[in-house]
Amino acid sequence: MKGSSYTLPAKRRWRGLVIAVLGLVFLSMLVPLIFLLGLHNSFHSGAGYTTEQQSSASNGFRVYDQHDGGSTRNQSERDQSTHVDDLIKRLGPTLSKDFRRNSVKEAENKTIGFPIPTDVLKPHPKTHNTRTRGTVEVVKYMKGDDESEKSCEVKFGSYCLWRQEHREKTKDFMVKKLKDQLYVARAYYPSVAKLPAHDKLSHELKQNIQEFERILGETTTDTDLPPQIEKKLSKMEATIARAKSFPVDYSNVDKKLRQLVDLTEDEANFHMKQSAFLYQLAVQTMPKSLQCLSMRLTVEYFRSSSLDLELSLAEKYLNPALHHYVIFSNNVLASSVVINSTVMHAKESGNQVFHVLTDGQNYFAMKLWFFRNTYKEATVQVLNIEDLNLKDHDNTTLLHLSLPEEFRVSFRGVDKRSMIPIKTEYISVFSHSHYLLPKIFRTLDKVVVLDDDIIVQRDLSALWSHDMEGKVNGAVQFCTVRLSQLKNYLGENNFDGNSCAWMTGLNIVDLVRWRERDLTETFQMLVQEQLSMGEGLSEAVSLRASLLTFQGLVHALDDAWVLSGLGHDYGLDIQGIRKAAVLHFNGNMKPWLELGIPKYRGYWRKFLNPENQFLSDCNVNP
């Protein structure tokens with residue numbers, strides 16, 4: 001009994017070991033089989049050209065088998081879309097929600113907007129904490145236009161202008177030529193290999209392909225190419241010429257080349273969209289030097305002794321007899337340049353009072369900057385819009401700084417098809433913060449509102465005696481776009497279709513008539529109506545509400561007062577720039593950015609003080 005009770009567990013242990021060994025043997029056979037199947041279906045052969053599935057590690061392009069080419073290309077497109085998604089997610093904290101959403105849609109080649117017969121309007125990504133807040137695109141196409149004729153500017157705006165201006169010369173011409181010959185040889189090889197009578201040509205073509213792949217795998221520049229490369233190229237060209245002379249299956253060759261063309265176009269489009277996304281990211285991100293300047297000024301403010309001079313200057317701040325200028329800005333340097341250029345060209349600076357409205361993040365930096373820097377006899381007041389206690393304002397609603405809303409407009413004339421290309425302009429209108437002006441400055445009758453992306457080249461005192469003819473807003477009009485073109489975008493509201501769009505940058509605002517007409521209430525009512533209708537994009541709501549609020553209340557200033565386009569147009573007349581009273585850097589390429597147009601940046605930089613220690617410490621000066 002003892003023996004039987006002892007041997008039974010031993011038998012069970014041996015049986016378990018046998019089952020375990022058999023399981024391991026089965027897995028050892030199954031895993032390599034799965035791997036080989038996955039390798040066959042997912043990867044290309046790296047040695048030789050015995051199959052039609054090949055890849056080149058040196059150039060990133062693939063030649064597809066006629067059965068799996070479509071699925072492989074779709075997988076490549078999905079990988080590219082995933083790459084863009086991952087890039088946008090990593091940059092998520094920098095960009096607003098709307099910008100990320102629309103950038104992903106653009107990468108997927110999807111169009112959003114409002115299709116109408118002659119005008120196409122597209123809401124553009126909303127930015128965060130920058131001068132450019134949004135874009136609406138208005139394109140006037142001609143009858144008969146097709147998709148291929150639409151300009152790059154229609155899709156990407158000023159990015160295309162910048163790319164054309166900074167286009168690099170073609171480099172490594174020989175490497176590109178080697179790749180081209182390699183692609184053609186790969187296209188002909190499968191057809192030639194099927195001809196038994198031409199084994200020698202097939203072998204020679206295969207050797208040349210392998211030799212080119214080895215060379216391109218070791219080098220990517222012309223300087224690193226081995227000697228006698230031109231001789232090898234000539235040999236490849238002669239072999240391809242012989243392959244072309246034989247009766248091969250040209251449908252297969254055609255399919256291979258078409259697959260290559262499709263892949264190249266897909267990759268080119270992907271890189272175009274990726275480059276445009278990075279361009280948008282660059283123009284919407286505050287430069288590191290300006291971030292350094294703001295932080296250093298803020299730290300220095302709390303280290304310094306009391307800087308409170310508000311009580312001694314309170315009388316000037318409230319005196320309606322003086323010339324009051326208002327600037328909405330979160331950029332210390334930009335607002336300083338605006339004030340400096342205005343004061344430098346003023347005949348009398350003692351009666352000038354500048355009110356800079358900023359947010360809590362930049363308030364202390366601006367306080368210290370304008371305390372340490374003087375502008376002749378002019379007075380500068382810095383206000384934190386988030387701390388304002390306004391009467392008749394809903395205290396439950398948090399005040400926040402919003403900069404002028406800027407929109408991209410692309411258009412083309414309809415009468416001269418071949419002579420007038422699509423042109424890109426940028427228009428801007430008042431933001432939500434501008435409609436607080438009558439409540440913030442209750443004692444003032446008139447103010448001049450300046451954007452922070454302008455410079456002044458002439459005395460502006462004449463604006464204070466300018467006859468507004470009973471209007472509320474004196475502005476430069478942009479009559480290339482009229483309200484009738486925006487009828488589907490503005491809704492069914494009653495408006496004058498012949499009215500022109502108007503621009504911010506330089507605006508004379510009659511606060512007395514503003515209060516009489518209660519335009520702030522009108523604007524807020526229009527905004528609420530549009531939000532209740534399900535409008536999601538705040539910049540689109542602001543555009544519609546602003547244009548309708550000031551309908552019939554805009555006094556057109558002479559075009560000589562303001563020259564716009566220095567933030568996107570490379571072709572402005574230099575004489576016109578010198579004669580203009582105000583230069584407006586509207587567009588994406590602001591003068592404080594590295595992407596700013598070089599030949600215009602000098603007009604802005606000359607109002608910087610190169611001796612300022614803070615600018616030197618943060619490497620702001622050129």
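Residues numbered from 1 in each chain as written. Predicted model: local features only at pLDDT ≥ 70, side-chain atom pairs only at ≥ 80, totals over all residues. Heavy atoms only, no water.

Within the structure shown, the criterion is met by two disulfides. Each disulfide pairs two cysteine sulfurs, and for cysteine 292 the partner residue is cysteine 618, the sulfurs being separated by 2.1 Å. Classification of the bridge connecting cysteine 292 and cysteine 618 rests on its S-S torsion, roughly -70°, and on that basis the disulfide is left-handed. Separated by 326 residues along the polypeptide, cysteine 292 in helix H10 (residues 288–303) and cysteine 618 in the segment after helix H21 (613–617) bring together distant segments of the chain. The disulfide partner of cysteine 479 is cysteine 500, and the gap between their sulfur atoms is 2.0 Å. Between cysteine 479 and cysteine 500, the disulfide has an S-S torsion of 95° and is therefore right-handed. (Disulfide = S-S within 2.5 Å. Helix = DSSP H or I, 4+ residues; strand = E, 2+ residues; numbered from the N terminus.)

On to the confidence of the model for the protein chain, then. Regions with low pLDDT carry predicted coordinates that are not meant to be interpreted in detail. A residue-level look at the protein chain finds 68% of positions with pLDDT of 70 or above and a mean pLDDT of 75. For residues 38–74, every residue scores under 50 in pLDDT, and the model assigns this stretch 73 contacts once sequence neighbours within four places are set aside. (pLDDT = per-residue confidence, 0-100. Contact = heavy atoms within 4.5 Å.)

Residue placement: aspartate 459 occurs in the loop between strand E12 (454–456) and strand E13 (473–475). Summary of buried charges: aspartate 459 has no salt-bridge partner, and the nearest side chain of opposite charge, lysine 347, is 4.5 Å away. Only 2.5 Å separates the side chain of aspartate 459 from the side chain of serine 461, close enough to count as a polar contact. Not counting the four nearest positions on each side in its chain, aspartate 459 is found in contact with His345, Ala346, Lys347 and Trp561. (Buried < 20%, exposed > 50% of the residue type's maximum accessible area, 1.4 Å probe, protein only. Lys, Arg positive; Asp, Glu negative; His and termini not counted. Salt bridge = Lys/Arg side-chain N within 4 Å of Asp/Glu carboxyl O. Polar contact = N/O pair within 3.5 Å; in protein donor to acceptor, adjacent residues only side chain to side chain.)

Turning our eyes to something else, we now look at the pairing of strand E11 (residues 446–450). Of all the five residues making up E11, five are buried; the element is thus mostly covered by neighbouring parts of the structure. Every second residue of E11 is oriented toward a common face, with Lys446, Val448 and Leu450 on one face and Val447 and Val449 on the other, all of them buried. Sheet topology note: the E11/strand E16 (residues 506–510) ladder contains five bridges and is antiparallel. Within E16, the position partnered with leucine 450 by the bridge is leucine 506. (Pairing = 2+ DSSP bridges.)

This part takes up the sheet that holds strand E18 (residues 562–564). Sheet architecture is open: three strands sit in the order E12-E19-E18, paired in mixed fashion. Both edges of this open sheet fall to E12 and E18, since each of them pairs with a single strand only. Taking the axes of each pair of neighbouring strands and ignoring which way they run, one obtains an average angle of 15° across the sheet. (Axes fitted to C-alpha atoms, helices over the stretch in contact; angles between N-to-C directions.)

With that settled, the discussion passes to the nonpolar core. Counting 68 residues, the largest nonpolar core has Leu333, Ile339, Trp369 and Phe370 as its most contacted members. The element contributing the most residues to this core is helix H12 (residues 332–344), with seven residues. In this structure, this core is formed jointly by two domains, domain 1 (154–284) and domain 2 (288–618), each of which donates at least three residues. Setting aside residues up to four positions removed in sequence, phenylalanine 370 forms contacts with Ser335, Ser336, Ile339, Val356, Tyr375, Val380 and Val382. (Core = buried A, V, L, I, M, F, W, Y, C linked by side-chain atoms within 4.5 Å. Domains from an automatic or database assignment.)

Turning next to the packing of H12 against helix H13 (residues 360–372). Closest axis-to-axis distance for the H12/H13 pair is 10 Å, and the angle between their directions is 35°. When you trace H12 past H13, the crossing you get is right-handed. Here Val332, Leu333, Ser335, Ser336 and Ile339 of H12 come into contact with H13, specifically with Ala365, Met366, Trp369 and Phe370. (Left-handed = near helix turned anticlockwise from the far one by under 90°.)

A few words on the sheet that holds strand E8 (residues 379–384). With respect to topology, seven strands assemble into an open sheet ordered E8-E7-E6-E11-E16-E13-E17, the strand pairing being mixed. The open sheet terminates on both sides in strands that have one partner only, identified here as E8 and strand E17 (554–556). On average, each strand axis in the sheet is tilted by 25° relative to the strand beside it, whichever way the strands run. Bridge analysis of strand E6 (residues 323–328) against E11 gives three bridges, and the strand direction is parallel.

Once that is clear, we can look at the packing of aromatic side chains. Enumeration according to the criterion identifies 16 aromatic pairs in this entry. When the centroid spacing of 3.7 Å and the interplanar angle of 5° are considered together, the rings of tyrosine 435 and phenylalanine 523 count as stacked. With a gap of 88 residues between them, tyrosine 435 in the loop between strand E10 (423–429) and helix H14 (437–440) and phenylalanine 523 in helix H17 (residues 519–532) connect regions that are remote in the sequence. Ring centres 5.5 Å apart and planes at 80° place the aromatic pair tryptophan 514 and phenylalanine 550 in the edge-to-face group. With tryptophan 514 in helix H16 (residues 511–517) and phenylalanine 550 in the loop between helix H18 (538–549) and E17, the pair connects residues that are 36 residues apart, well separated along the chain. Here tryptophan 514 and phenylalanine 550 have matching classes, each one buried. (Phe/Tyr/Trp six-rings, centres within 6.5 Å; stacked < 30°, edge-to-face > 60°.)

The next point concerns the pattern of salt bridges. Overall, the coordinates contain nine salt bridges when judged by the stated rule. Ionic pairing is found between arginine 242 and glutamate 204, a salt bridge with its closest N-O pair at 2.9 Å. Here arginine 242 is found in helix H8 (residues 229–245), whereas its partner glutamate 204 is found in helix H7 (residues 199–218), with 38 residues between them in sequence. The class for arginine 242 is partly exposed, based on a relative accessible area of 36%. Residue glutamate 204 is classed as buried on the basis of its relative accessible area, which comes to 19%. For arginine 513, the salt bridge is made with aspartate 510, and the minimal N-O distance between the two is 2.6 Å. A network of salt bridges, in which partner residues are shared, links Glu211, Arg214, Glu218 and Lys232.

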